Amino acid sequence: MRFTVSSTALSSKLTALSRVINSKNALPILGDFVFDITGQTLKLTASDSENTMQTTVALTESDTDGRFAIGNHDLLEAVKGFSEQPITFDVDQQTNIAKISYQNGLFSLPIENADEFPVAQKMSDSATTITISNQLLNDNINRSLFATAQDELRPVMNGIYFDLTPDCLTVVASDGHKLVRNKIFTVKSDQPASFILPKKPAALLKNLLGKDGGDVTIRFDERNAEINYGDGSLQCRLIEGRYPNYNSVIPQSNPNQLTVDRLGLLAALRRVQPFANDSSNLIRFHVESGALQLDAEDYDFSKTATERMSCEYSGQPMSIGFKGGSFIEVLSNFDCQEVIIQLADPSRAGLVLPSEQPENQDVLMLMMPMLIND
């Protein structure tokens, strides 16, 4: 079997696929890429047994169809440094050797039988399909991923929840202390359905989805999802279980509202946070007409910091405590100029919203308060 492919095209595809491969695998063949040649198209596959990624590359020439597997590390390192040039693979499936030649040289690597590679689970006939723009899915994963949990006791919190209803698609992530809720009004279904996307495939998609304006198709059933984007696909096992009622923790009546420059508040928090107690990371927000004051203190090390900034505020003067690091994460995952912070009282969650919502979306982030000693 002999075929020729562009070096940069092959390198970029292998680099993307390599992110799914674990450093240690129960099955040795899961450390391989599978090459599947049909006509003038090369289909590449990589898997960690729970997540399987596939993509295609056009071949400049090919003499026969066939399949084989080849170790990811050596091949990836070898092709990574090439400038744009044709690479030719001569594959001998009798001796299980692939000779790879390029402009100035040649190297050879062992290959394995691709039939030993595990096959991805088939989707059930009752699978639900969602079509969403590439950019929109990318934005929502980027905005939500930081709020997922690392909780062995409640695995449902370790992923991003997609809740499809007749009104909209809601994308939710929460670790119990902070919550992100994104409503997408252009995606809806008369048949309600939902799934929890684990953190790893979500992070893979974050790196894979471009800004090309195309559409992504998501098919899912009770156990698996298949996400088709551009010239590739990702099949993954979903987190099974019931996601908590996220609407119940969002306070509905928040009479105290402040509007503040997002980057200004972010910079102030980053200056004040190092003075907070290491274990609690507590920052005290004191807000009154026209002014927001941030206070951090660590009496164990005789450290204190205070910073005041102007804001628009309507409501009663109030002091409320928030975890500094979490608030910095929340602000960092908006891209608006100003944020609106809505507060009910010091014992209830604070809501953070963009001053202008993205088109056809409703974005909300929530921070649970911390107890402060007056």
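S.K.: Honestly, the overall build of the protein in this entry has me stumped. Any pointers?
M.R.: Counting secondary structure elements, the protein contains six helices and 26 strands. Reported as C-alpha extents along the three principal axes, the dimensions of the protein are approximately 80 × 50 × 35 Å. The contacts in the protein between residues at least 6 apart in sequence include a share of 66% that link residues at least 24 apart. When the accessible area of the protein is evaluated, it comes to approximately 18000 Å², of which 46% is carbon and sulfur surface.

S.K.: Can you help me understand the packing of aromatic side chains in this one?
M.R.: When we look at a pair of aromatic rings, we describe it by the centre distance and by the angle of the planes. According to the stated counting rule, one finds 14 aromatic pairs in the structure shown. Between the aromatic rings of Phe3 and Phe35, the centroid separation amounts to 6.4 Å while the plane-to-plane angle is 40 degrees, which identifies the pairing as tilted. Of this pair, Phe3 sits in strand 1 (residues 2-6) while Phe35 sits in strand 2 (residues 32-38), placing them 32 residues apart in sequence. Judged by relative accessible area, Phe3 falls into the buried class, the value being 1%.

S.K.: Sorry, what's going on with the sheet that holds strand 19 (residues 282-288) here?
M.R.: Working definition: the strands of a sheet are paired by backbone hydrogen bonds and lie parallel or antiparallel to each other. Strand order in this open sheet of four strands is 21-20-19-23, and the pairing throughout is antiparallel. Sheet topology places strand 21 (303-310) and strand 23 (318-323) at the edges, where each strand pairs with a single neighbour. Strand-to-strand, the axes of this sheet are offset by a mean angle of 20 degrees, without reference to chain direction. Strand direction decides the pairing type here: strand 19 and strand 23, joined by six bridges, are antiparallel. Of the residues in strand 23, the one forming a bridge with Ile283 is Phe322. In the packing of helix 6 (residues 324-332) onto the sheet, contacts are made with strand 19 and strand 23, and the angle to strand 23 comes to roughly 85 degrees.

S.K.: Help me understand helix 4 (residues 199-208) in this model?
M.R.: An α-helical turn contains 3.6 residues, so a residue and the one three or four places further along point in the same direction. Within helix 4, burial applies to Pro201, Ala202, Leu204, Leu205 and Leu208. Axial view of helix 4: buried residues confined to an arc of 160 degrees, hence all on one face.

S.K.: I tried to follow the layout of surface pockets on my own but got confused; where do I start?
M.R.: It is a probe the size of a water molecule, rolled over the atoms, that shows where empty space is left. Computed from the structure, the largest pocket encloses a volume of approximately 390 Å³. Every residue lining the largest pocket is counted, 22 residues in all, and those nearest its centre are Tyr161, Ala193, Ser194, Phe195 and Gly241. Elements supplying a minimum of two residues to the lining of the largest pocket: strand 11 (159-164) and strand 14 (193-198). Tallying contributions element by element places strand 14 first for the lining of the largest pocket, with four residues. Considered class by class, the residues forming the lining of the largest pocket number 12 nonpolar, five polar and five charged.

S.K.: Would you explain the packing of helix 5 (residues 262-272) against helix 6 in this entry?
M.R.: The geometry of a pair of packed helices is captured by two quantities: the angle between their axes and the separation between those axes. The N-to-C vectors of helix 5 and helix 6 enclose an angle of 155 degrees; their axes lie 10 Å apart at closest approach. By the angle between their directions, the pair helix 5 and helix 6 is classed as roughly antiparallel. Our pair here, helix 5 against helix 6, has a crossing hand that is left-handed. Contacts between helix 5 and helix 6 involve Arg262, Leu265, Leu266, Leu269 and Arg270 from the first element and Phe327, Ile328, Leu331 and Ser332 from the second. Here the residues of the contact of helix 5 with helix 6 are counted per class, giving six nonpolar, one polar and two charged.

Cut-offs used in this document
- Residues numbered from 1 in each chain as written.
- Predicted model: local features only at pLDDT ≥ 70, side-chain atom pairs only at ≥ 80, totals over all residues.
- Heavy atoms only, no water.
- Helix = DSSP H or I, 4+ residues; strand = E, 2+ residues; numbered from the N terminus.
- Contact = heavy atoms within 4.5 Å.
- Areas by Shrake-Rupley, 256 points an atom, 1.4 Å probe, with all protein chains shown as cover.
- Phe/Tyr/Trp six-rings, centres within 6.5 Å; stacked < 30°, edge-to-face > 60°.
- Buried < 20%, exposed > 50% of the residue type's maximum accessible area, 1.4 Å probe, protein only.
- Pairing = 2+ DSSP bridges.
- Axes fitted to C-alpha atoms, helices over the stretch in contact; angles between N-to-C directions.
- Arc of directions from axis to C-beta.
- 1 Å grid on protein atoms, 1.4 Å probe; cavity = no way out; pocket = protein on both sides within 12 Å on 5 of 7 lines; lining within 4 Å.
- Points joined across faces, edges and corners; volume = space filled by probe spheres on them.
- Nonpolar A, V, L, I, M, F, W, Y, C, P; charged D, E, K, R; others polar.
- Parallel < 35°, antiparallel > 145°, perpendicular 65-115°, else oblique.
- Left-handed = near helix turned anticlockwise from the far one by under 90°.

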